[in-house]
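What follows is each chain in one-letter form.
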Amino acid sequence: MEDYDKREKLKEFFLKIKNCEECELSRSRTKFVFGSGNACASIMFVGEAPGKNEDLQGLPFVGQAGKLLDELLDSIGFDRSEVFIANILKCRPPGNRDPRIEEINICKGYLLEQIKIIDPKIICTLGKFSTQLLLNTDKGINTLRGKVFKIDGRIIMPINHPAAVLYAPSRMEILKQDFKKIKRLIDSDGEMPACEEDVLNLESETTGDEQNKDEQLGLF
Ligand code: URA
């Protein structure tokens, strides 16, 4: 799709869903948080759900975690206007509780459509929820972070959620190293990973039990 078409399509999609009332969260939200950035970005970051600041401003990652994300992007020479940042849920769960499966199942279609329109070469999943959703697994983030997966011709690289790192500063160095790896992936144009042996086939790693559970959760 041409760049102009991507922008128009994304705008059109925003207008179509911005008044969504598909779940309870629409009643408590201040603003719908669609996501922000470049519709033609080759890299997309996917978080969990808007927090208090995001809900007030209608923009993703504008609180403390967002400040850290901006710094990490800056460390690899990027500004947030060059990437696209979105969440699984577009509305804030009250009190910043974890997203519920039923909320994820209702809202995930919006994220998948955003991915389809933007068509990034690399998706960086921030934390457990977006990682498990986009990799269709129930493996934990500590097992998956820093690894590179190729799914439908797209690279997916899970990293720790910046908010989680703010709570556990000992993980900051790992996050910084993961950003360096993201930079190497970008420099290789998303065509090949920094280290070939890092490309994992999740299916061959996923056990039957996990697959069953994922099916029950209705992820994808
Ligand atoms: N955490 C998220 O996952 N998303 C945001 O937009 C802000 C904090």
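About the thresholds
Residues numbered from 1 in each chain as written. Predicted model: local features only at pLDDT ≥ 70, side-chain atom pairs only at ≥ 80, totals over all residues. Helix = DSSP H or I, 4+ residues; strand = E, 2+ residues; numbered from the N terminus. Expected span 1.5 Å × (residues − 1). Buried ≥ 20, exposed ≤ 12 C-beta atoms within 10 Å, placed from the backbone. Arc of directions from axis to C-beta. Contact = placed C-beta atoms within 7 Å. Bend = angle between axes of the 7 residues up to and from the residue. Core = buried A, V, L, I, M, F, W, Y, C linked by C-beta atoms within 7 Å.

## Concerning helix 9 (residues 172–187)
(1) Moving on: Between its first and last C-alpha atoms helix 9 spans 23 Å; for 16 residues at 1.5 Å apiece the expected length is 22 Å, and the two agree.
(2) Moving on: Buried within helix 9 are the following residues: Leu175, Asp178, Phe179, Ile182 and Leu185. Summarising the axial view, the buried residues of helix 9 lie within an arc of 110°, below the 170-degree limit, and thus occupy one face. For helix 9, the exposed residues set more than 90 degrees away from the buried face come down to Glu173, Gln177 and Asp187.
(3) Moving on: Looking at the buried side of helix 9, the elements it contacts are helix 4 (64–75), strand 4 (122–126), strand 5 (148–151), strand 6 (154–159) and helix 8 (162–167).
(4) Moving on: Positive backbone phi, approximately 65°, marks Asp189, located one or two places after helix 9.

## Focus: helix 5 (residues 101–118)
(1) Moving on: Taking 1.5 Å per residue as the helical rise, helix 5 with its 18 residues ought to reach 26 Å, and the 25 Å between its terminal C-alpha atoms agrees with that figure.
(2) Moving on: Cys107 marks where helix 5 bends most, by close to 40°.
(3) Moving on: Here helix 5 has its buried residues at Glu103, Ile104, Cys107, Tyr110, Leu111, Gln114, Ile117 and Ile118.
(4) Moving on: Asp119, located one to two residues past helix 5, shows a positive phi value of around 50°.

## Topic: the nonpolar core
(1) Moving on: Counting residues in each nonpolar core, the largest one holds 49 residues, and the members touching the most others are Met44, Val46, Val83, Phe84, Ile88, Cys124 and Met157.
(2) Moving on: No other element matches the six residues that helix 5 contributes to this core.
(3) Moving on: Setting aside its immediate chain neighbours within four residues, Ile88 contacts Val46, Glu48, Ala49, Pro99, Ile104, Cys107, Lys108, Leu111, Phe129, Ser130 and Leu133.

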